[in-house]
Amino acid sequence: MNKNIKNIKRNINAISSETLNGENYSRNDFARSILNYPAMMVPSVQEPIIEKLSEALNNNVSLLDPFMGASNTLVTGMKYGMNVFGQDINPLSILLSQVKTTFYSIEELVDAEKRLISLTISDNSEIVEVAFVNIDKWFTKNIQIELSKIYRAIRSEQSLKIRKFFWVALAETIRLTSNDRTSTFKMHMRPIEEINSRQISALKTFLSVSKKNIKNISDYISVLVQNGHVENDKYIKNVDVVWGDTNAEIRTDKSFNLLVTSPPYGDNQTTVTYGQFSYLPLQWIPIEDIDKSITIDYLKTAQSIDNKSLGGEIKEHIKDVEYKVFEKSKTLKKFVSQFKEEERKRAEKVTRFINDLDSSIDKMLPKMEKDSFLVWTIGNRNVNKQIVQNDLILKELFAYKGVGLFTDLEREILSKRMPGRNNFSNMMSKEKIIIFKKTN
Ligand SMILES: C[S@@+](CC[C@H](N)C(=O)[O-])C[C@H]1O[C@@H](n2cnc3c(N)ncnc32)[C@H](O)[C@@H]1O
């Protein structure tokens with residue numbers, strides 16, 4: 001290893017635990033709060049690692065996040081002037097990430113906001129614009145009428161980029177005004193007494209969300225401008241935000257020298273239900289305004305996205321999956337083999353998840369250049385009251401592929417948004433940041 005690389009490793013290992021634990025982070029950091037997407041990475045935690053690896057790569061970086069989520073990794077990469085590429089299976093992640101990586105001028109947003117507000121105020125129609133099973137369970141009639149006014153106003157905007165910005169504000173408004181509890185990511189109705197006594201206006205909520213989002217996006221864009229990464233109202237490097245199933249392919253011909261990601265910790269149904277979280281907002285946002293290439297029927301049921309995500313689908317017989325993946329990870333084999341009957345069935349879900357994770361790594365590695373770095377933030381979890389050592393398993397999967405460990409760090413999860421109480425006990429309070437280096 002050359003001296004420069006040794007120094008980089010030393011500098012990464014010297015990052016303080018306060019920084020890694022996210023103790024200094026601010027809620028408004030990096031436009032991250034325009035929509036409360038589940039399990040967002042804290043930018044200030046990743047930033048020093050990204051910065052030091054950028055140095056190792058002579059500040060000429062093409063960054064890939066194959067599980068992009070709320071795109072905080074891409075946004076951090078853009079602060080350092082990197083080419084960035086993100087992919088996710090959840091259409092709501094795509095919309096949110098498109099907005100967070102686009103250049104907006106504050107004037108165009110404020111003008112559009114004024115137009116939208118005056119349209120919604122003068123709109124006396126009581127027509128409800130969307131229809132889906134159980135709409136009356138999830139939204140009161142008043143909220144449906146108010147959301148429809150906002151919907152019509154956004155649709156009347158000429159510019160797609162402006163519509164996208166306000167669809168995100170509508171998504172957050174839906175999260176806050178539906179009858180679904182905000183305390184869990186799984187859909188769970190509020191008690192009926194609470195629904196009846198809530199004093200809530202979708203129009204007022206939309207107004208305050210829009211104002212906050214305009215401020216957060218403008219603050220972030222001014223950082224990009226200050227850092228010299230914007231010319232002629234455009235980010236100077238490439239940004240790609242792509243809908244896709246990482247277990248099937250990474251949808252680009254480009255190659256990368258840095259991968260930074262935080263994958264799911266297990267199948268969505270038993271860890272974080274990103275899909276259920278997105279189900280109600282996505283009912284109100286036209287697909288053609290997100291991405292026409294989306295091929296999953298994500299509006300069919302509240303489980304559609306989660307079933308298509310890592311570990312969600314039963315594609316092969318469990319014996320065949322075990323045969324393949326146990327050879328790659330002794331830790332997984334040992335974990336699963338201790339269980340019988342019902343417990344074994346639960347453990348099999350872990351096997352399917354790890355198998356999907358493994359095959360998605362096979363889709364990423366050919367896109368990674370020689371001497372590239374891969375940074376994985378992953379936590380362990382409990383299944384059948386035993387620890388699934390995701391960190392060890394991931395290291396074994398990479399070792400099997402001949403990709404060596406560069407270094408690893410541990411952090412305490414203080415501020416990363418965790419699932420609600422039902423799931424909390426299944427997740428650990430620590431996670432690992434594991435850095436691999438691909439040398440061939
Ligand atoms: C922990 S989140 C990523 C958080 C992100 N790094 C951030 O900073 O916000 C994991 C993401 O993986 C996505 N995902 C799960 N299965 C996927 C698949 N098969 N293909 C692409 N994305 C997937 C989920 O939709 C979710 O957004």
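Residues numbered from 1 in each chain as written. Predicted model: local features only at pLDDT ≥ 70, side-chain atom pairs only at ≥ 80, totals over all residues. Heavy atoms only, no water.

> Would you take a moment to explain the domain arrangement of the chain for this structure?
Interface size is commonly expressed as the accessible surface area that is lost when the partners come together. Here the chain is described as being made up of domain 1 (3–104 + 219–438) and domain 2 (106–218). The C-alpha-based centres of domain 1 and domain 2 are spaced at 29 Å. In this assembly, 40 residues from domain 1 lie in contact with 41 residues from domain 2. Across the interface of domain 1 and domain 2, roughly 3600 Å² is buried in total on both sides, 63% from carbon and sulfur atoms. Looking only at domain 1, the three residues that lose the most surface to domain 2 are Tyr 104, Leu 280 and Trp 284, adding up to 27% of its buried area. Taken together, the links from domain 1 to domain 2 amount to three salt bridges. Between Asp 289 and Arg 163 there is a salt bridge, with its nearest N and O atoms 2.7 Å apart. Counting every contact that joins domain 1 to domain 2 gives 24 residue pairs in polar contact (both at pLDDT 80 or more). For the side of domain 1 that touches domain 2, the secondary structure elements donating two or more residues are helix 5 (91–100), helix 11 (202–226) and helix 12 (274–283). (Domains from an automatic or database assignment. Contact = heavy atoms within 4.5 Å. Buried area = accessible area lost by both parts, 1.4 Å probe. Salt bridge = Lys/Arg side-chain N within 4 Å of Asp/Glu carboxyl O. Polar contact = N/O pair within 3.5 Å; in protein donor to acceptor, adjacent residues only side chain to side chain. Helix = DSSP H or I, 4+ residues; strand = E, 2+ residues; numbered from the N terminus.)

> Is there a simple way to think about helix 8 (residues 141–155) in this case?
An α-helix turns once every 3.6 residues. As a result, residues three or four positions apart point the same way. Here helix 8 is 15 residues long and its end C-alpha atoms lie 21 Å apart, about the 21 Å a rise of 1.5 Å per residue gives. Turning to helix 8, its buried residues are Ile 143, Gln 144, Ile 145, Glu 146, Leu 147, Ser 148, Lys 149, Ile 150, Tyr 151, Arg 152, Ala 153 and Ile 154. (Expected span 1.5 Å × (residues − 1). Buried < 20%, exposed > 50% of the residue type's maximum accessible area, 1.4 Å probe, protein only.)

> How should the site of the ligand be read in this particular structure?
Residues in close proximity to the ligand total 24 residues, the closest being Tyr 37, Asp 88, Asp 245, Thr 246 and Ser 262. Backbone polar atom of Ala 70 to an oxygen atom of the ligand: 3.0 Å apart, as the coordinates give it. In the model, a nitrogen atom of the ligand is placed 3.3 Å from a nitrogen or oxygen of the Ile 89 main chain. Here the ligand, which alone exposes 610 Å², has 100% of that area covered by the protein. Grouping the amino acids of the shell around the ligand by side-chain chemistry returns twelve nonpolar, nine polar and three charged. (Near = heavy atom within 4 Å. Areas by Shrake-Rupley, 256 points an atom, 1.4 Å probe, with all protein chains shown as cover. Nonpolar A, V, L, I, M, F, W, Y, C, P; charged D, E, K, R; others polar.)

> Explanation requested: the packing of aromatic side chains in the structure shown.
The geometry of an aromatic ring pair comes down to the distance between the two centres and the angle between the two planes. Overall, the coordinates contain 15 aromatic pairs when judged by the stated rule. Note on Phe 166 and Phe 206: the rings are 6.2 Å apart at their centroids and 50° apart in plane angle, and the pair reads as tilted. Of this pair, Phe 166 sits in helix 9 (residues 160–177) while Phe 206 sits in helix 11, and the two are 40 residues apart along the sequence. Taken individually, Phe 166 and Phe 206 each receive the classification buried, so the pair is uniform in this respect. A connected cluster of aromatic rings, assembled from ring pairs, spans Tyr 37, Phe 185, Tyr 274 and Phe 277. A cation sits over an aromatic face here: Lys 9 above Phe 406, 5.2 Å from the ring centre. (Phe/Tyr/Trp six-rings, centres within 6.5 Å; stacked < 30°, edge-to-face > 60°. Lys NZ or Arg CZ within 6 Å of the ring centre and 35° of its normal.)

> Hey, could you run me through the nonpolar core in this one?
Most often, soluble globular proteins have nonpolar side chains that are buried together. Of all hydrophobic cores here, the largest spans 94 residues; its most connected members are Phe 139, Leu 258 and Trp 284. Looking at this core, the element that brings in the most residues is helix 9, giving nine residues. For this core, the domains that each give at least three residues are domain 1 (3–104 + 219–438) and domain 2 (106–218). Sequence-distant contacts of Trp 284, defined by excluding residues within four places in its chain, comprise Val 128, Val 130, Phe 132, Ile 135, Phe 139, Gln 144, Leu 147, Ser 148, Tyr 151, Trp 167, Leu 170 and Ile 174. Membership of the second largest hydrophobic core comes to 36 residues, among which are Leu 332, Ala 347, Leu 374 and Leu 394. (Core = buried A, V, L, I, M, F, W, Y, C linked by side-chain atoms within 4.5 Å.)

> How do you make sense of the packing of helix 3 (residues 43–56) against helix 4 (residues 72–79) when you look at a structure like this?
Contact geometry of helix 3 with helix 4 gives a least axis separation of 10 Å together with a crossing angle of 50°. Taken together, the axes of helix 3 and helix 4 lie oblique to each other. In this structure, helix 3 meets helix 4 at a crossing whose hand is right-handed. Residues Pro 43, Gln 46, Glu 47 and Ile 50 of helix 3 form the contact with helix 4, whose own contacting residues are Asn 72, Thr 73, Thr 76 and Lys 79. (Axes fitted to C-alpha atoms, helices over the stretch in contact; angles between N-to-C directions. Parallel < 35°, antiparallel > 145°, perpendicular 65-115°, else oblique. Left-handed = near helix turned anticlockwise from the far one by under 90°.)

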